[in-house]
Amino acid sequence: MRKRNKANLALAISIGGFLATFPVMDTGFVGGILHNGFLAASIGGLADWFAVTALFRKPLGISYRTDIIRRNRKRITEALVDYAADDLLSPENVMTVLEKEDTAAMAAAYLKERGGKERIIHTLDTALLEAVRTLDTKEAAHSLMPLIRQGLGGFSAETLVKQLTALMSEERYSTKLIEPVLYLAADMVRSPEIQEILLDSVRTIRERYEQDGSSRALIFQLADLTDERLRDMLVERIISYLSGLASHETDGYVYMKAGFETFLRRLSQSEELEDVLVAWKKRHIEKLELEQPVAQWLEDNLKQENPDWLAAVNGFVDKKLDEFTEDKRIQEKFDKAVKGWAFREMREHHGLVREMISDRLARFSDDDLVEFVEEKVEDDIQMIRINGSVVGSIVGMLLYAIVFIAEGGVF
């Protein structure tokens, strides 16, 4: 039974009991205490009914100091927006909750227990195969020839590739490589597979965040922050961030370029890479000639139906993901990086929270807002009416007993 019906039933029982005990109110202590108890319960229930109803509408048509939510909509809306934006969803409070979560452990659990590793590899395969399928091998060969001519000079294949990697770490080449990588990253973020991965992550974090307080779920509903919308906002921020990097005008681009160049320099010195290249050299042409053979080689080797390089990439990615799930130091760095990025983004774009909640509330008509609020707090509000009847009856019976004893009544 709904709380509203229970409250109405309690009030009906109080009034019915008051009327039913009217004839026996002067017959003795029992009749008097029952009558006064029902009377006080009726008064308390009616008073609380009036008070509760006055929040949402005009009880009995009385307009003075009633219909409070509708009359004070602007002030209530401002208070809700302030409370949600500056308290519940403030960067500090959100980070307090996020700091309790081990994002790396969540990611590791996703990779190991929920098929995350397989889905990431599948997504990467799809993106790489699509990128290779649309690759203009003639243009790619033309772009690679200066590097190839510079890197040849009698070096072995493994030394050549490592030299090329080191060469690409130089600013004049790294800047040309970063932009297509950023565009590829943006395309991967837009892919259905990555969208599903992000949606799973958002849903997990949102469910854990809501466990610490029921009011958080209300705020998410007020702001219309569904898992899909949060995922879309995150995707938009990531793509916007990648676009900012591609503009070469942000601090993030400077840091990324430096990190990318450092990665390439370290890769050029990797013994593991040298072993892979030695094995690769045994299966492929060691001597590259002019542009057309290079273009044909790219066409033949990259655009196979089941390219062998894809297995090598998958093996490398699989190994790195395994290292992540097993190495606590890597996980600690990942967790710190994720939380640092999240806090910076929340601080920088916190005004969006206020705008979203304000826009959401603005779309409510007065009647819709009253109905929405009443629906969310109805159970607690109706319990006030029930408690009013119960407490009123107890107080009424207690006062009657005190007066009865004071007047020398005999039980």
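Reading the values: the criteria
- Residues numbered from 1 in each chain as written.
- Predicted model: local features only at pLDDT ≥ 70, side-chain atom pairs only at ≥ 80, totals over all residues.
- Heavy atoms only, no water.
- Helix = DSSP H or I, 4+ residues; strand = E, 2+ residues; numbered from the N terminus.
- Buried < 20%, exposed > 50% of the residue type's maximum accessible area, 1.4 Å probe, protein only.
- Contact = heavy atoms within 4.5 Å.
- Areas by Shrake-Rupley, 256 points an atom, 1.4 Å probe, with all protein chains shown as cover.
- Salt bridge = Lys/Arg side-chain N within 4 Å of Asp/Glu carboxyl O.
- Patch = residues over 30% accessible without salt bridge, like charges linked within 9 Å, V, L, I, M, F, W, Y side chains within 5 Å.
- Lys, Arg positive; Asp, Glu negative; His and termini not counted.
- Charge placed at Lys NZ, Arg CZ, Asp CG, Glu CD.

Participant: Just to check I follow, could you spell out the overall build of the protein for this structure?
Facilitator: Across its full length, the protein carries 20 helices and zero strands. In the protein, which comprises 411 residues, the share counted as buried stands at 38%. Sequence separation of at least 24 residues holds for 76% of the intrachain contacts in the protein that already meet a minimum separation of 6. Entry remark: accessible area of the protein is about 24,500 Å², with carbon and sulfur atoms responsible for 59%.

Participant: How should the environment of Lys138 be read in this particular structure?
Facilitator: Among the structural elements, Lys138 can be located in helix α8 (residues 137-151). Put simply, Lys138 and Glu299 are 161 residues apart on the chain and 8.8 Å apart in space, counted from C-alpha to C-alpha.

Participant: Explain the pattern of salt bridges here, please?
Facilitator: Once their charged atoms are close, side chains differing in charge can pair, the charge on each being opposite to the other. The final tally for this structure, using the stated rule, is 12 salt bridges. Between Arg190 and Asp187 there is a salt bridge, with its nearest N and O atoms 3.3 Å apart. Here Arg190 pairs with Asp187, and both are found in helix α10 (residues 171-190), just three residues apart, close to one helical turn. Under the relative-accessibility criterion, Arg190 is labelled partly exposed at 46%. The residue Glu345 makes a salt bridge to Arg237 at a minimum N-O spacing of 2.9 Å.

Participant: Please clarify how a positive patch on the surface should be interpreted in this entry.
Facilitator: Judged by side-chain charge, Lys58, Arg65, Arg71 and Arg75 come together as a positively charged surface patch. Here Lys58 shows up in the loop between α2 (29-56) and α3 (68-71). Lys58 gets classed as partly exposed once you look at its relative accessible area, which sits at 45%.

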